Number of protein chains: 2
Amino acid sequence: MEKRIITISRECGSGGHTIGKLVAERLGIAFYDKEIIEMVAAKTKLSPDFISSHGEYFQNGSLGHIIGYGGRFASPIQTASSLQDQMYFVQSELIREIAEKEPCVIVGRCADYVLRERNDLLNVFIHSEMPFKVERSVHEHGLKEGEAEKILTKRDKARAQHYTFYTRQTWGSAMNYHLCLDSGALGVDRCVRLICEAAGRM
Amino acid sequence: MEKRIITISRECGSGGHTIGKLVAERLGIAFYDKEIIEMVAAKTKLSPDFISSHGEYFQNGSLGHIIGYGGRFASPIQTASSLQDQMYFVQSELIREIAEKEPCVIVGRCADYVLRERNDLLNVFIHSEMPFKVERSVHEHGLKEGEAEKILTKRDKARAQHYTFYTRQTWGSAMNYHLCLDSGALGVDRCVRLICEAAGRM
């Protein structure tokens, strides 16, 4: 069965954004990554900066942090009053509306978990070894070479905590995804082909 | 670059053996799964039954178990005198010889880790949800429907412990593999195509 919705979870610097965009272009379907930030801003009146920094990254100072980070056993209900949690619920509702509206690629934001009831979903995780991520981050995103590894590691840690907190699943465990790819070993173009083939849309 | 050696790690019942065999047939290369048991038996004089039950499964009663299972931080050196450990080292040496000799598919036995120094390697992990694994195990391997889930879970737990003990890596973590596939969601034939494409041999 052809998959209408492709979610892409990814390590920072692994090229997940680029790969997702190329998949969407090749399949002629919509693409959502940072576009979601503006859409959440319009619904919540929160600043795009706040949404960008809290929409995928677990942050110190959220109520969830204050009452103690409970890892995979924490319940979102415990912390429903924090701004981060409110934003998560608005963002999730938006992701469900997008998936209902049109075939698309959605990057990040726990979309694999948010849409888990659908049966037209292909969940992809993209990762790679550090040298590939550092090189991409320096050349494509302007990080300083001496700082890139530390920044990428910190961001991925916050992403993993955010994912685990809201989904009670382990970020990067193969069992959560239909397809996991090492973009450094396989290359960006081959990852695009593999995702299209896995989605039944080659 | 074309990958000469394809290693396949897999959950019990996920169809990893079948998928690996089909990949080897399609690419016209050698296939090693249970074949390795006889080869280790010839080298060690251990019984094929012992090798079969200890070659991929962590077992109660090994020296490693007696001195305490140290998880990812345990060092193989601590337990080098147990039969299971001696067998692991013979098996690993054999896997290195096979990889040196000819292009092939190797199923299980920590081959991804044993061959980690090679740069002509494609490491694949195959998993799926329980209903798919139960159905395959009942119809293809004759497990009783009421017992299959319990048996599969127990076997995978022993495989995961074995893998973690010898590699100090987490079994099923996407970051250990170049390609992870949900065989239930994707189907056996599509998994075969994806592996051949990922190996650069489509």
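Keep in mind that what you see is a predicted model, and the values were worked out from it rather than measured.

Draft legend 1. Quick peek at the overall build of chain A. A tally of regular secondary structure across chain A gives 10 helices and 5 strands. Here chain A holds 202 residues, and the buried ones make up 56% of them. The contacts of chain A with a sequence gap of at least 6 include a subset with a gap of at least 24, amounting to 72%. Just so you have it, chain A exposes about 9200 Å², and 51% of that area is on carbon and sulfur atoms.

Draft legend 2. How the structure looks around the nonpolar core. By size, the foremost hydrophobic cluster in this structure holds 66 residues, and its most contacted members are A:Ile36, A:Ile106, A:Leu115, B:Ile36, B:Ile106 and B:Leu115. Not counting residues up to four positions away in its chain, the partners in contact with A:Ile106 are A:Ile5, A:Ile6, A:Thr7, A:Ile8, A:Tyr32, A:Ile36, A:Ile95, A:Ile98, A:Ala111 and A:Leu115. With 48 residues, the next largest nonpolar core counts A:Val192, B:Ile29, B:Ala198 and B:Ala199 among its residues.

Draft legend 3. Layout of the sheet that holds strand β1 (residues 5-10) of chain A. Strands sit in the order β2(A)-β3(A)-β1(A)-β4(A)-β5(A)-β5(B)-β4(B)-β1(B)-β3(B)-β2(B) across an open sheet of 10 strands; the sheet is mixed. Edge positions in the sheet fall to β2 (30-32) of chain A together with β2 (30-32) of chain B, since each of these pairs with one other strand and no more. Geometrically, the sheet is characterised by an average inter-axis angle of 20 degrees between neighbouring strands, direction not taken into account. Relative to strand β3 (residues 104-107) of chain A, β1(A) runs parallel, the two sharing 4 bridges.

Draft legend 4. Region of the structure containing the packing of helix α2 (residues 35-44) of chain A against helix α5 (residues 83-101) of chain A. Residues and elements named next belong to chain A. Viewed as axis vectors pointing N to C, α2 and α5 meet at an angle of 115 degrees, and their least axial separation amounts to 10 Å. Crossing of α2 over α5 shows right-handed handedness. Along the contact surface, α2 presents Ile36, Met39, Val40, Lys43 and Thr44, while α5 presents Met87, Val90, Gln91, Leu94, Ile95, Glu97 and Ile98. Its residues assigned to classes, the contact of α2 with α5 shows 8 nonpolar, 2 polar and 2 charged.

Draft legend 5. Highlighting the pattern of salt bridges. Tallying each qualifying case throughout the model produces 28 salt bridges over all chains. With a closest N to O distance of 3.1 Å, A:Asp33 and A:Arg109 form a salt bridge. Highlighted residues: A:Asp33 in the loop between β2 and α2 and A:Arg109 in the loop between β3 and α6 (111-114), separated in sequence by 76 residues. Side by side, A:Asp33 and A:Arg109 carry an identical accessibility label, which is buried. As a salt-bridge pair, B:Glu140 and B:Arg136 come within 3.2 Å of each other at their nearest N and O atoms. On the criterion of helical spacing, the pair formed by B:Glu140 and B:Arg136 is a turn pair, its members being 4 residues apart in helix α7 (residues 130-141). Where salt bridges share partners, they join A:Arg4, A:Glu100, A:Arg118 and A:Asp120 into one cluster.

Draft legend 6. Examining the interface of chain A and chain B more closely. Residue-level contacts link 23 residues of chain A with 23 residues of chain B. At the boundary of chain A with chain B, total buried surface from both sides reaches about 1900 Å², with 60% on carbon and sulfur atoms. Considering only the surface of chain A that becomes buried against chain B, A:Met175, A:His178 and A:Glu197 emerge as the three largest contributors, covering 28% of it. For the pair chain A and chain B, the number of links is 4 salt bridges. Taking the shortest distance from any N to any O, the salt bridge between B:Glu197 and A:Arg193 comes out at 2.8 Å. One can count 13 residue pairs in polar contact (both at pLDDT 80 or more) joining chain A with chain B. Among the secondary structure elements, those contributing two or more residues to the side of chain A that touches chain B are β4 (121-127), β5 (179-182), α9 (183-186) and α10 (188-198) of chain A. Take the side of chain A that touches chain B: its biggest share by element is 5 residues, from α10(A). Its residues assigned to classes, the side of chain A that touches chain B comprises 13 nonpolar, 5 polar and 5 charged. Bridge count between β5(A) and strand β5 (residues 179-182) of chain B: 3 bridges; the pairing is antiparallel. Residue pairing in the sheet places A:Cys180 in a bridge with B:Cys180 of β5(B).

Draft legend 7. Here's a closer look at the relation of the copies chain A and chain B. Once chain A is rotated about the relating axis by 180 degrees and shifted along it by 0.0 Å, it coincides with chain B to within an RMSD of 0.0 Å. The symmetry that links the two subunits is that of a two-fold axis. Both copies present the same face, since 100% of the interface residues in chain A are matched by interface residues at the equivalent positions in chain B.

Draft legend 8. Region of interest: the state of the cysteines. Per the counting criterion, the structure on display carries 0 disulfides over all chains. Not part of a disulfide, A:Cys110 finds its nearest cysteine sulfur in A:Cys12, a span of 14 Å.

Thresholds, definitions, all that
- Numbering of residues starts from 1 in each chain and follows the order in which that chain's sequence is written.
- By the order in which they are written, chains take letters starting at A while ligands take numbers starting at 1.
- For a predicted model such as this one, the threshold for reporting local features is a pLDDT of at least 70, and the threshold for listing and counting side-chain atom pairs is 80 or more; totals across whole chains, interfaces and linings nevertheless cover every residue.
- Excluded from the side-chain calculations are hydrogens and water; all other atoms, namely the structure's heavy atoms, are used.
- Secondary structure elements are defined from DSSP: runs of H or I of at least 4 residues count as helices, runs of E of at least 2 residues count as strands, and each element is numbered from the N terminus.
- For every residue, the accessible area (1.4 Å probe, protein chains only) is compared with the maximum for its type, and the residue is labelled buried under 20%, exposed over 50%, or partly exposed between those bounds.
- Only heavy atoms enter the contact rule, under which two residues are in contact if any of them lie within 4.5 Å.
- Per-residue and other accessible areas were derived by the Shrake-Rupley procedure at a 1.4 Å probe size, with only the shown protein chains allowed to occlude residues.
- By nonpolar core is meant a set of buried Ala, Val, Leu, Ile, Met, Phe, Trp, Tyr and Cys residues that side-chain atoms within 4.5 Å join together.
- Strand pairing follows a simple DSSP-based rule, namely that at least 2 bridges must link the two strands.
- To obtain each axis, a line is fitted to C-alpha atoms, and for helices this fit is confined to the stretch in contact; angles are then taken between N-to-C directions over 0 to 180 degrees.
- A crossing counts as left-handed when the near helix is turned anticlockwise from the far one by less than a right angle, and as right-handed when that turn is clockwise.
- In this classification, the charged set is Asp, Glu, Lys and Arg, the nonpolar set is Ala, Val, Leu, Ile, Met, Phe, Trp, Tyr, Cys and Pro, and all remaining amino acids, among them Gly, are polar.
- Any Lys or Arg side-chain nitrogen located within 4 Å of an Asp or Glu carboxyl oxygen qualifies as a salt bridge.
- A simple way to read buried area is as the amount of 1.4 Å-probe accessible surface that goes missing from two parts once joined, with both sides added.
- Any N or O atom pair separated by 3.5 Å or less is treated as a polar contact, with the protein-specific requirement of one donor-capable and one acceptor-capable atom, and with residues adjacent in sequence counted only for side-chain atom pairs.
- A residue counts toward the fit only if its pLDDT is at least 70 in both copies, and the copies are then superposed by least squares on the C-alpha atoms of those residues.
- Here, two cysteine sulfur atoms that lie within 2.5 Å of each other are counted as a disulfide.

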